[in-house]
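Survey of secondary and tertiary structure
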Amino acid sequence: MNVRVVLLIRDPRGSLQSRKHRVWCPGRPDCDDPSTVCSDMQLDYEAAVELSERFPKRFRVVRYEDLSLDPYRMTKEILHFYGLPYHPAVRTFLDTHTKQDVGGVSSTYRDSKSAPFHWTKDLTFEEVKIIQDSCVAAMKSWGYRNATSEWELYNNFNPLLPYSVS
């Protein structure tokens, strides 16, 4: 088959914070339970390692945070991966959709540089600790750093570390 797959992964703290505001998630363990979400993330990592080895030209991982911080470069890379051109309309779309928040939670207009780290202001340190404690292996695998104190969390915390699936 001539299939290419991109797996989009996100910091579990950001995923769980975002899901709190969706009517379809609260009360569903496969959606809002940190240990279930993190177990799934670790299984995704193990599958990603295997798929990257077996299909290096057909499988790719993108972290949501990397895409958000550098949407132009990452979009070019994703389009290249799929064999598609970086059309000027794509740049126009990114210019208009990644610099400001417009609309509600389902809007496609987001300040892409702040969106992935909104959880650092919205979650309490206790909530962050619960997620981190449930997610040690997956966070390490995917290159996410723990917040070690309330002060660190609320003062421009950068959770990103290098990671590799190969």
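Now for a quick tour of the structure. Since we're looking at a predicted model, the values are computed, not measured. (Residues numbered from 1 in each chain as written. Predicted model: local features only at pLDDT ≥ 70, side-chain atom pairs only at ≥ 80, totals over all residues. Heavy atoms only, no water.)

On the surface, a cluster of positive charge is made up of Lys76, Arg91, Lys99 and Lys113. By relative accessible area, lysine 76 is classed as partly exposed at 43%. (Patch = residues over 30% accessible without salt bridge, like charges linked within 9 Å, V, L, I, M, F, W, Y side chains within 5 Å. Areas by Shrake-Rupley, 256 points an atom, 1.4 Å probe, with all protein chains shown as cover. Salt bridge = Lys/Arg side-chain N within 4 Å of Asp/Glu carboxyl O. Lys, Arg positive; Asp, Glu negative; His and termini not counted. Charge placed at Lys NZ, Arg CZ, Asp CG, Glu CD. Buried < 20%, exposed > 50% of the residue type's maximum accessible area, 1.4 Å probe, protein only.)

A few words on the environment of valine 62. For valine 62, the location among the structural elements is in strand β2 (residues 59-63). Put simply, valine 62 and methionine 139 are 77 residues apart on the chain and 15 Å apart in space, counted from C-alpha to C-alpha. The residues touching valine 62, leaving out its near neighbours within four places in the chain, are Val6, Leu7, Leu8, Ile9, Leu67, Met74, Ile78 and Tyr163. (Helix = DSSP H or I, 4+ residues; strand = E, 2+ residues; numbered from the N terminus. Contact = heavy atoms within 4.5 Å.)

On inspection of all chains with the given rule, the structure shows four aromatic pairs. On the basis of an interplanar angle of 90° and a centroid distance of 5.1 Å, the ring pair of tyrosine 45 and tryptophan 142 is categorised as edge-to-face. In this pair, tyrosine 45 sits in helix α3 (residues 34-54) while tryptophan 142 sits in helix α9 (residues 136-142), placing the two residues 97 residues apart along the sequence. You'll find tyrosine 45 and tryptophan 142 in the same group, each marked buried. Centroid distance phenylalanine 81 to tyrosine 82: 5.2 Å. Interplanar angle 75°. Geometry classified as edge-to-face. Following the ring pairs from residue to residue traces out a cluster consisting of Tyr45, Trp142 and Tyr163. A cation over a ring is seen here: arginine 63 above tyrosine 144, with NZ or CZ 5.4 Å from the ring centre. (Phe/Tyr/Trp six-rings, centres within 6.5 Å; stacked < 30°, edge-to-face > 60°. Lys NZ or Arg CZ within 6 Å of the ring centre and 35° of its normal.)

Below, the discussion takes up a nonpolar patch on the surface. A cluster of nonpolar side chains, contributed by Met1, Val3 and Val5, occupies part of the molecular surface with about 340 Å² of accessible area. Relative to the helices and strands, valine 3 resides in the segment before β1 (5-9). The exposure class assigned to valine 3 is partly exposed, which follows from its relative accessible area of 40%.

Just geometry here; none of it tells us what the structure is for.
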